[in-house]
Amino acid sequence: MQPEKTKAELYTRYPLSSVLIYNGSTILHFLLGGIGIAFGYGFSSWAGYTFGAVYIVLAFAEMYVLMPLRVCPNCVYYKAQDSLCISGLSIISKRIAQAGDPKDFARRAEGLLCPNNLYMASLIVPIVAIIPALIVNFSIALLGIFVILVGLLLFRFFVIFPKLACLHCAAKFRCPQAGQMGVRNL
Ligand code: SF4
């Protein structure tokens, strides 16, 4: 898959190791985020577990249900035969959604509650939520969870996106995120 001039190889199928790193860091982020919220607000008999559980459910739903329904049908990986994108969501999408139009792929970043913003929120919400909990309910374990979450976010922005995912993505010529990161002509 090499539709435009670019130096980096564009993958029709990402290496399994990249797919595992992407999903492993995503799932770890969501689970640790939920545990951190539950732990940080554990001084309340209901708030910690409730907010932690709600966060985990919404984060997984955004990533593994909303994305395959609203974003992936418009992605080139949906139509490409035997394809495997970095998230592996093209496989889920082909089973649960009708094909869309690649011209609409950039709409993933349009509007306040667009999939791109919800995706970012699912990563940032636990980090922001744990800060006040650290002030009122400090513990070394909670601080450790916070540091790991920040590390996972930085790892995503500085390693996964630019080096593993977007650089080799066949959708990078239409994807707003790839444009923001300047990987289109690499
Ligand atoms: S360019 Fe990056 S963010 Fe956009 S679809 Fe590809 S991997 Fe995902």
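As shown above, the structure is provided for reference.
Note that the coordinates shown come from a computational prediction; the quantities given were computed from them, not determined experimentally.

Things to note about the overall build of the protein chain
Assigned secondary structure in the protein chain consists of 7 helices and 0 strands. Going from N to C terminus, the protein chain has its helices and strands arranged as α-α-α-α-α-α-α. Relative to the 2.2 N^0.38 estimate, which gives 16 Å for 186 residues, the radius of gyration of the protein chain is 18 Å and therefore close to what a compact globule would have. Along the first, second and third principal axes, the C-alpha set of the protein chain runs to 55 × 30 × 30 Å. Within the protein chain, counting contacts between residues at least 6 apart in sequence, those at least 24 apart form 67% of the total. Surface exposure of the protein chain reaches about 9,700 Å², of which carbon and sulfur atoms provide 68%. Of the side chains in the protein chain, 15 bear a positive and 7 a negative charge, and the two mean positions are spaced by 3 Å.

Remarks on the site of the ligand
The ligand sits among Ile86, Phe105, Arg108, Ala165, Cys166, Cys169, Lys172, Cys175, Gln177 and Ala178. For the shell around the ligand, a count of residues per class yields 7 nonpolar, 1 polar and 2 charged.

Topic: the state of the cysteines
What the rule picks out here adds up to 0 disulfides. Summary of cysteine pairing: Cys85 is not part of a disulfide, and the nearest cysteine sulfur, belonging to Cys72, is at 6.0 Å. Here Cys114 is not disulfide-linked; the sulfur of Cys175 is the nearest cysteine sulfur, at 11 Å.

Remarks on the packing of helix H1 (residues 16–40) against helix H6 (residues 140–165)
Following both chains from N to C, one finds H1 and H6 inclined at 155°, their axes separated by 10 Å at the closest point. Viewed along their axes, H1 and H6 adopt a mutual orientation that is roughly antiparallel. Seen along the crossing, H1 lies across H6 with a hand that is left-handed. Across the contact of H1 with H6, the residue classes tally to 17 nonpolar, 7 polar and 1 charged.

Observations concerning a nonpolar patch on the surface
A surface patch of nonpolar side chains, amounting to about 330 Å² of accessible area, comprises Ile27, Leu31, Ile35 and Phe39. With respect to the element layout, Ile35 can be found in helix H1.

Things to note about the side chain of Thr26
Its location among the elements puts Thr26 in helix H1. In this view, Thr26 contacts Met63, Tyr64 and Arg156; residues no more than four positions away in its chain are not counted.

Topic: the packing of H1 against helix H2 (residues 47–71)
Running from N to C, H1 and H2 point in directions that differ by 160°, and their axes come no closer than 6 Å. Taken together, the axis directions place H1 and H2 in an arrangement best described as roughly antiparallel. Helix-helix and strand crossings are classified by hand; for H1 and H2 the assignment is right-handed. Of the residues in H2, those touching H1 at Tyr22, Asn23, Thr26, Ile27, His29, Phe30, Leu31, Gly33, Gly34, Ile37 and Ala38 are Gly48, Tyr49, Phe51, Gly52, Tyr55, Ile56, Ala59, Phe60, Met63 and Tyr64.

Focus: the nonpolar core
Grouped together as the largest cluster of nonpolar side chains are 44 residues, with contacts concentrated most on Tyr14, Tyr22, Met63, Tyr77, Tyr119 and Ile130. Within the residue set of this core, elements represented by two or more residues are H1, H2, helix H5 (115–136) and H6. If one sorts the elements of this core by residue count, H6 sits on top with 8 residues. Beyond its immediate stretch of four places on either side in the chain, Met63 contacts Tyr22, Thr26, Phe30, Pro68, Ser87, Leu89 and Tyr119.

About the thresholds
Residues numbered from 1 in each chain as written. Predicted model: local features only at pLDDT ≥ 70, side-chain atom pairs only at ≥ 80, totals over all residues. Heavy atoms only, no water. Helix = DSSP H or I, 4+ residues; strand = E, 2+ residues; numbered from the N terminus. Rg over C-alpha atoms; globule rule 2.2 N^0.38 Å. Contact = heavy atoms within 4.5 Å. Areas by Shrake-Rupley, 256 points an atom, 1.4 Å probe, with all protein chains shown as cover. Lys, Arg positive; Asp, Glu negative; His and termini not counted. Charge placed at Lys NZ, Arg CZ, Asp CG, Glu CD. Near = heavy atom within 4 Å. Nonpolar A, V, L, I, M, F, W, Y, C, P; charged D, E, K, R; others polar. Disulfide = S-S within 2.5 Å. Axes fitted to C-alpha atoms, helices over the stretch in contact; angles between N-to-C directions. Parallel < 35°, antiparallel > 145°, perpendicular 65-115°, else oblique. Left-handed = near helix turned anticlockwise from the far one by under 90°. Patch = residues over 30% accessible without salt bridge, like charges linked within 9 Å, V, L, I, M, F, W, Y side chains within 5 Å. Salt bridge = Lys/Arg side-chain N within 4 Å of Asp/Glu carboxyl O. Core = buried A, V, L, I, M, F, W, Y, C linked by side-chain atoms within 4.5 Å. Buried < 20%, exposed > 50% of the residue type's maximum accessible area, 1.4 Å probe, protein only.

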